[in-house]
Amino acid sequence: MGPVPAVRARGITKCFGDVVALDHVDLDVAQGEIHGLVGPNGAGKTTLLGLLLGLAVADRGHLDLLGVSVGRAFVLPEGVAGFVDGPGLYPSLTPRQNLSALAALRGFGADNVDDVLEQVGLIEVADDSIRGFSLGMRQRAGLAAALLTRPRLLVLDEPANGLDPAGSRDVHRVLAGLAAAGTAVVLSSHRMDDLATLCSEITILATGRVVFSGPLGKLAAESGDLDYRLRSSDVAQARHVATRTPGIRVPLEDVLPVRPETLVIRGSEPAIEEFVVRLIGAGVAVRELAPAIPPLEAAFLALTDDGSGFPTRDREATR
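Heads up: these notes are all about the structure in this document. (Residues numbered from 1 in each chain as written. Predicted model: local features only at pLDDT ≥ 70, side-chain atom pairs only at ≥ 80, totals over all residues. Heavy atoms only, no water.)

## Examining the nonpolar core
For soluble globular proteins, the rule of thumb is that nonpolar side chains tend to be buried together. With 45 residues, the main nonpolar core has Leu143, Leu154 and Leu175 as its most contacted residues. The next biggest cluster of nonpolar side chains, apart from the first, holds 28 residues, and it includes Val29, Leu52, Ala56 and Val84. (Core = buried A, V, L, I, M, F, W, Y, C linked by side-chain atoms within 4.5 Å. Buried < 20%, exposed > 50% of the residue type's maximum accessible area, 1.4 Å probe, protein only.)

Right under this line is the structure:
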């Protein structure tokens, strides 16, 4: 037998009145894995995270956390921590006071309060009132509170929300270190760059259903043709080569406007590789070649857009 998964969900269904928030959702998260949860507004991400944190119970289906079956009681196995809809902190208290109170509530000492504040970059403001903190600083304080319990499963809702680049880097470092030590992390985010950097696996939800779940590499492979922006030494010659390379198309410029020195091409990864070979053979220097839209974002749009121009749940909200 292999190691016990951190999360194993089968057929999870959750309704709020006539609204089906989750519709037979399956989810697997291994120990030491950072798993991204993605979807349009209203897709069911927050509901699923709430189930993982014991804030709600499923109407149907089966959920195991850290090898323990979670029934219809609001009780979680020891080792699960995190937050949904922002961290729950006392704004009139300082980060150190908040964490010390949490430690006392959980029945253990406050020996590692300063350690976790140091990890998230708040040690220098540990005695300032949280009321004056920015959104990003509050997110860091919430992460520190979750780390205080030394979790084996960490569940986070938009942990990079409001963070500047330095703050994002600090949070990435903390989460990567936790995963390397065996902690499973499930996080939601609208920042595709964060997910692509952090996550080994992704689950995409749309209208409460799973439309993709698996490794990022598999998602990229299933994304089909992508648009790439090319800067080269000879745009006219590059266009000529593109029109003669199988699998490569040049989208209409009125649909994808670009600068005169840039060419947008569309094709699969193998076709792009063949195009580059032909460019070099034609004596055209490639100065830059990058996706016009990051692959994860392109896949997200393709899987959650029904062709109306809006992601599925967002389209319904416009009616």
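## Some points on the pattern of salt bridges
Enumeration according to the criterion identifies 11 salt bridges in this entry. For Asp227, the salt bridge identified is with Arg266, shortest N-O distance 2.5 Å. With Asp227 in strand 11 (residues 226–232) and Arg266 in strand 12 (residues 262–267), this residue pair connects regions lying 39 residues apart in the sequence. You can call Arg266 partly exposed: its relative accessible area is 24%. Its salt-bridge partner being Arg278, residue Glu274 comes within 2.8 Å of it at the nearest N-O pair. Taken together, the residues span about one helical turn, with Glu274 and Arg278 both in helix 9 (residues 269–281) at a distance of four residues. The structure contains a network of salt bridges with shared partners spanning Arg96, Asp114 and Asp127. (Salt bridge = Lys/Arg side-chain N within 4 Å of Asp/Glu carboxyl O. Helix = DSSP H or I, 4+ residues; strand = E, 2+ residues; numbered from the N terminus.)

## Considerations on the sheet that holds strand 4 (residues 60–65)
The strand order across the open sheet built from four strands is 2-1-4-5, with neighbouring strands paired in antiparallel fashion. Looking at strand neighbours, the two that pair on one side only are strand 2 (19–29) and strand 5 (68–70), the edges of this open sheet. Pairs of neighbouring strands in the sheet enclose a mean axial angle of 30°, with direction left out of account. Pairing of strand 1 (residues 7–16) with strand 2 involves seven bridges; the strand directions are antiparallel. (Pairing = 2+ DSSP bridges. Axes fitted to C-alpha atoms, helices over the stretch in contact; angles between N-to-C directions.)

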